[in-house]
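A look at the structure
Chain residues, written in single-letter form:
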Amino acid sequence: MKPLTLCFLLTTAVALGLIRGPSAAADELDDFMRAKLIHSQNVVEGLVLGDFEKIGKGAQEMSLLSLAATWQVLQTPQYIEYSKKFRKSADALSEAARKKNLDQATKDYNVVLQRCVECHKYLRDVRMARVD
Ligand code: HEC
């Protein structure tokens, strides 16, 4: 086979998704994790519109994500603890939405956001430690 033909075939195979690069799993994880951002944006929208259904749905989706196998990226006690605290805050938000308590939901959302930031800060710290 001519090199050019081989090159063409390989490019086509990659384009068709026949050959999945090592980044396929990483992409999947990225999409999964990015969903948190979408749900939290939906919650913000729900909060400003006073749409409790929207708040509750976003909160539940976030809680569910944290239970999925894909979520368990690290098995460290800290990661497990951050995950637990995140889920707890999402569940509290869900409860506030169910009770149609906008002030409480706003406070709970702030806690959820704090949990996002904490875990991500931890992840960066772990990575830094690995590089050293
Ligand atoms: C218990 C830990 C934890 C919590 C809490 C958490 N995340 Fe993440 N997040 C991760 C991990 C692990 C990844 C995937 C690996 C990475 O990108 O560092 C990730 C990835 C992401 C990404 C993709 C980043 C990229 O590089 O594309 C976004 C966006 C994100 N998270 C948003 C959020 C938001 C918003 C919240 C809160 C609603 C949140 N995360 C809460 C652990 C967490």
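Residues numbered from 1 in each chain as written. Predicted model: local features only at pLDDT ≥ 70, side-chain atom pairs only at ≥ 80, totals over all residues. Heavy atoms only, no water.

1. What about the overall build of the chain?
- For the chain, the count of helices and strands is five helices and zero strands.
- Element order for the chain, N to C, with α for helix and β for strand: α-α-α-α-α.
- Within the chain, the fraction of its 132 residues that count as buried is 30%.
- A sequence separation of at least 24 residues applies to 62% of the contacts in the chain between residues at least 6 apart.
- With the model as given, the accessible surface of the chain reaches about 9,200 Å², and the carbon-plus-sulfur share is 60%. (Helix = DSSP H or I, 4+ residues; strand = E, 2+ residues; numbered from the N terminus. Buried < 20%, exposed > 50% of the residue type's maximum accessible area, 1.4 Å probe, protein only. Contact = heavy atoms within 4.5 Å. Areas by Shrake-Rupley, 256 points an atom, 1.4 Å probe, with all protein chains shown as cover.)

2. Description of the coordination of the iron atom of the ligand
- Protein ligation of the iron atom of the ligand involves K36 (NZ) and H120 (NE2), the donor distances falling in the range 1.7 to 2.0 Å.
- Considering all six donor atoms around the iron atom of the ligand, angles at the metal cover 81 to 179 degrees and the coordination shape is octahedral. One end of the pair, K36, is in helix α2 (residues 23-49); the other, H120, is in helix α5 (residues 102-131), with 84 residues separating them in the sequence.
- The exposure class assigned to K36 is buried, which follows from its relative accessible area of 16%. (Donors = N, O, S within 2.8 Å, 3.2 Å for Na, K, Ca; no water. Tetrahedral: all angles 85-135°; square planar, octahedral: opposite > 155°, others 65-115°.)

3. Notes on the layout of surface pockets
- Of the volumes computed, that of the largest pocket is approximately 690 Å³.
- Lining the largest pocket are 26 residues; nearest its centre among them are M33, K36, C116, H120 and L123.
- Elements that contribute at least two residues to the lining of the largest pocket include exactly α2, α4 (77-98) and α5.
- Looking at which element gives the most residues to the lining of the largest pocket, the answer is α5, with 10 residues.
- The residue makeup of the lining of the largest pocket, split by class, is 16 nonpolar, three polar and seven charged. (1 Å grid on protein atoms, 1.4 Å probe; cavity = no way out; pocket = protein on both sides within 12 Å on 5 of 7 lines; lining within 4 Å. Points joined across faces, edges and corners; volume = space filled by probe spheres on them. Nonpolar A, V, L, I, M, F, W, Y, C, P; charged D, E, K, R; others polar.)

4. Quick word on the packing of helix α3 (residues 52-65) against α4
- Contact geometry of α3 with α4 gives a least axis separation of 8 Å together with a crossing angle of 160 degrees. By the angle between their axes, α3 is roughly antiparallel relative to α4. In terms of crossing hand, the pair formed by α3 and α4 is left-handed. In this structure, α3 contributes F52, I55, G56, A59, Q60, M62 and S63 to the contact, and α4 contributes F86, R87, A90, D91, L93, S94 and A97.
- Looking at the contact of α3 with α4 residue by residue, the classes come out as eight nonpolar, four polar and two charged. (Axes fitted to C-alpha atoms, helices over the stretch in contact; angles between N-to-C directions. Parallel < 35°, antiparallel > 145°, perpendicular 65-115°, else oblique. Left-handed = near helix turned anticlockwise from the far one by under 90°.)

Taken by themselves, the reported measurements are silent on function.
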